[in-house]
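Residues per chain, in single letters:
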Amino acid sequence: MTTNAQWTERFDATLMKTISTPQALLTRGEGCYVWDSEGIRYLDFLAGIAVNSLGHAHPALVAAVTEQVSTLVHVSNYFSTQPQLDLAERLLRLTGARDGGGRVYFCNSGTEANEAAFKLARLNNPNGSRTRIIAMTNSFHGRTMGAMTLTGKPAMSDPFVPLPGGVEHIDSTIEALDAAIDDSVAAVFIEPIKGEAGVLELPEGFLRHARELTERCGALLVLDEIQTGVGRTGEWFAYQHEGVVPDAITLAKGLAGGIPIGALVTFGWASDLFSKGQHGSTFGGNPFATSAANAVLEHIETAGLVENAARRGAQLREIILGFDSPLVSEVRGRGLLIGIGLEQPVAAQLHAAAFREGLIVNAPNESSIRIAPPLIVGDAEIDDFARRFGAALESLPTQ
Ligand SMILES: *Cc1c(COP(=O)(O)O)cnc(C)c1O
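Cut-off values and rules
- Residues numbered from 1 in each chain as written.
- Predicted model: local features only at pLDDT ≥ 70, side-chain atom pairs only at ≥ 80, totals over all residues.
- Heavy atoms only, no water.
- Helix = DSSP H or I, 4+ residues; strand = E, 2+ residues; numbered from the N terminus.
- Polar contact = N/O pair within 3.5 Å; in protein donor to acceptor, adjacent residues only side chain to side chain.
- Contact = heavy atoms within 4.5 Å.
- Phe/Tyr/Trp six-rings, centres within 6.5 Å; stacked < 30°, edge-to-face > 60°.
- Buried < 20%, exposed > 50% of the residue type's maximum accessible area, 1.4 Å probe, protein only.
- Lys NZ or Arg CZ within 6 Å of the ring centre and 35° of its normal.
- Pairing = 2+ DSSP bridges.
- Domains from an automatic or database assignment.
- Buried area = accessible area lost by both parts, 1.4 Å probe.
- Salt bridge = Lys/Arg side-chain N within 4 Å of Asp/Glu carboxyl O.
- Nonpolar A, V, L, I, M, F, W, Y, C, P; charged D, E, K, R; others polar.
- Near = heavy atom within 4 Å.
- Axes fitted to C-alpha atoms, helices over the stretch in contact; angles between N-to-C directions.
- Parallel < 35°, antiparallel > 145°, perpendicular 65-115°, else oblique.
- Left-handed = near helix turned anticlockwise from the far one by under 90°.

A. Representation of the side chain of Ser368. Of note, Ser368 is situated in strand β17 (residues 368-371). Reaching out from Ser368, the side chain makes a polar contact with the side chain of Arg332 at a distance of 2.9 Å. A polar side-chain atom of Ser368 sits 2.9 Å from a polar atom in the side chain of Asn365. Setting aside residues no more than four positions away along its own chain, Ser368 makes contact with Gly198, Arg332, Ile340, Leu342, Ala347, Asn362 and Ala363.

Below is the structure:
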């Protein structure tokens, strides 16, 4: 057994100071539960931030990657593999991009998928006059230079100026869209639900309006579905709730259930913007990661986990509101991407209280708790959540 004092000392002495000291040293997981080095069991209602779609150590994922690792792990882009082709075809089918001649680019993370989309946007500039890219304030698109520039949080990017040019941030309102979008815009980047900002939904009709304007002006509508995609919100992809068809989406987090992967999926004419040699990745689309994603998507389909996300999400909302706690002001989000708005800036305390109750959630800001459990969550885990979260709420003073 490694005590907390032992591992935190090692962590603080060796890991880059980009994050604060973690909450625990985890040693194993199974389903919706993880165990730490002191033997404590936690109900994981964060799933590695919407990543562990099938929970931990799921037999379908274990079998797929075990088989793949003993067959082919990596081949370079000089070769293709069956899992890569299967995943590309599967994504085009699930997104609906197949019919318009859609295409897929594979990479290794969310930020890389958005970098690819950023470069795609620069290519939507045939006569040199589409120099502007519009993104939303308070959005999150990743941490590399391009994705960070798209991210609408100056506190995050200010230390790293100068940033790539041409990116403007607007508030997520219909009026701001109207004022910003014209023929000089190459692309508009939108998260269908702002997960990192505390699970904030867009105003009613916002995505449809963005689609109409971008279509009229020839700008790309790029949706960052890195957190909302792959069944999380109770549809395969969040734009499917709105009946809009984007020009591109970016995916990562839940796609391969924890194995690193990212993807840019293009629809229609956006699929012809990249030409040979204009982008690439050594690891992107390797048979290991793509076989993991195939196993995850296959299981989500056959086990009906998209429907489960919608149903369990509704159940969780009812439970959270049912506590009738003076601390809870609202429940936001869709399916199993849920933000709990708090009346007071006590998210850090509530998060800590939940952890003491053996419940993993997170606090994306001072007045929001985010929960994003594995898509496999069932009645037993929901009951356990109710017990643990209820106890955490009760343990906090209300003023
Ligand atoms: C997590 C996230 C990213 C960044 O993904 P990484 O894999 O951490 O690079 C980008 N956009 C959204 C909406 C995210 O939630």
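There's plenty left to go through after this.
B. Seen up close, the packing of aromatic side chains. Counting across every chain of the model gives 6 aromatic pairs. Each ring, one from Phe45 and one from Phe385, has its centre 4.9 Å from the other, and the planes form 10°; the classification is stacked. With Phe45 in the loop between β3 (41-44) and α2 (47-50) and Phe385 in helix α13 (residues 379-395), the pair connects residues that are 340 residues apart, well separated along the chain. Of the two residues, Phe45 and Phe385, neither departs from the other in class, the shared state being buried. Taken together through their ring pairs, the aromatic side chains of Phe45, Phe323, Phe385 and Phe389 make up a single cluster. Here the basic side chain of Arg28 rests over the ring of Trp35, its NZ or CZ set 3.8 Å away from the ring centre. It is Arg41 that lies over the ring of Tyr33; its NZ or CZ is 4.0 Å from the centre.

C. Spatial organisation of the pairing of strand β1 (residues 26-30). In terms of strand pairing, β1 meets strand β2 (residues 33-36) through 4 bridges, oriented antiparallel. In the sheet register, Arg28 faces β2, and the bridge partner there is Trp35. Hairpin connection from β1 to β2: 2 residues lie between these consecutive antiparallel strands, with Gly31 at a positive phi of about 60°.

D. Looking closely at the domain arrangement of the chain. The domains assigned to the chain are domain 1 (4-57 + 305-395) and domain 2 (72-302). For domain 1 and domain 2, the distance between their C-alpha centroids amounts to 26 Å. Opposite the 26 residues of domain 1 that make contact, domain 2 presents 26 residues. Summing the contributions of domain 1 and of domain 2, the shared interface buries around 2200 Å²; its carbon and sulfur component is 60%. Counting the surface domain 1 buries against domain 2, the share from its top three residues, Val306, Arg334 and Leu337, is 30%. A salt bridge links Arg370 to Glu196; the nearest nitrogen and oxygen atoms lie 2.7 Å apart. In this assembly, domain 1 and domain 2 are joined by 15 residue pairs in polar contact (both at pLDDT 80 or more). Within the residue set of the side of domain 1 that touches domain 2, elements represented by two or more residues are α2, α11 (305-322), β13 (328-334), β14 (337-342), β16 (362-365) and β17. Here the element with the most residues in the side of domain 1 that touches domain 2 is α11; it accounts for 4 residues. Of the residues assigned to the side of domain 1 that touches domain 2, the class counts are 16 nonpolar, 7 polar and 3 charged.

E. Seen up close, the site of the ligand. Taken together, the neighbourhood of the ligand is formed by Ser109, Gly110, Thr111, Asn114, Phe140, His141, Gly142, Glu191, Asp224, Ile226, Gln227 and Lys253. In the model, an oxygen atom of the ligand is placed 2.8 Å from a nitrogen or oxygen of the Gly110 main chain. Take Phe140: an N or O atom from its main chain is 3.3 Å from a nitrogen atom of the ligand. Ranked by residues supplied to the shell around the ligand, first place goes to helix α5 (residues 110-123) with 3 residues.

F. Spatial organisation of the packing of helix α12 (residues 347-356) against α13. For the pair α12 and α13, the least separation of the axes is 8 Å and the interaxial angle reads 130°. The orientation of α12 relative to α13 falls into the category oblique. In this structure, the crossing between α12 and α13 has a hand that is right-handed. Two secondary-structure elements touch here, α12 through Leu350, Ala353 and Ala354 and α13 through Phe389, Ala392, Leu393 and Ser395.

G. Broad picture of the sheet that holds β2. Pairing in this open sheet of 4 strands is mixed, and the strands run β1-β2-β3-β15 from one edge to the other. Edge strands, defined here as strands with exactly one partner in the open sheet, are β1 and β15 (359-360). Bridge count between β3 and β15: 2 bridges; the pairing is parallel. Paired with Leu43 across the strands is Leu359, a residue of β15. Against the sheet, α13 touches β2, β3 and β15, its axis set at about 110° to β3.

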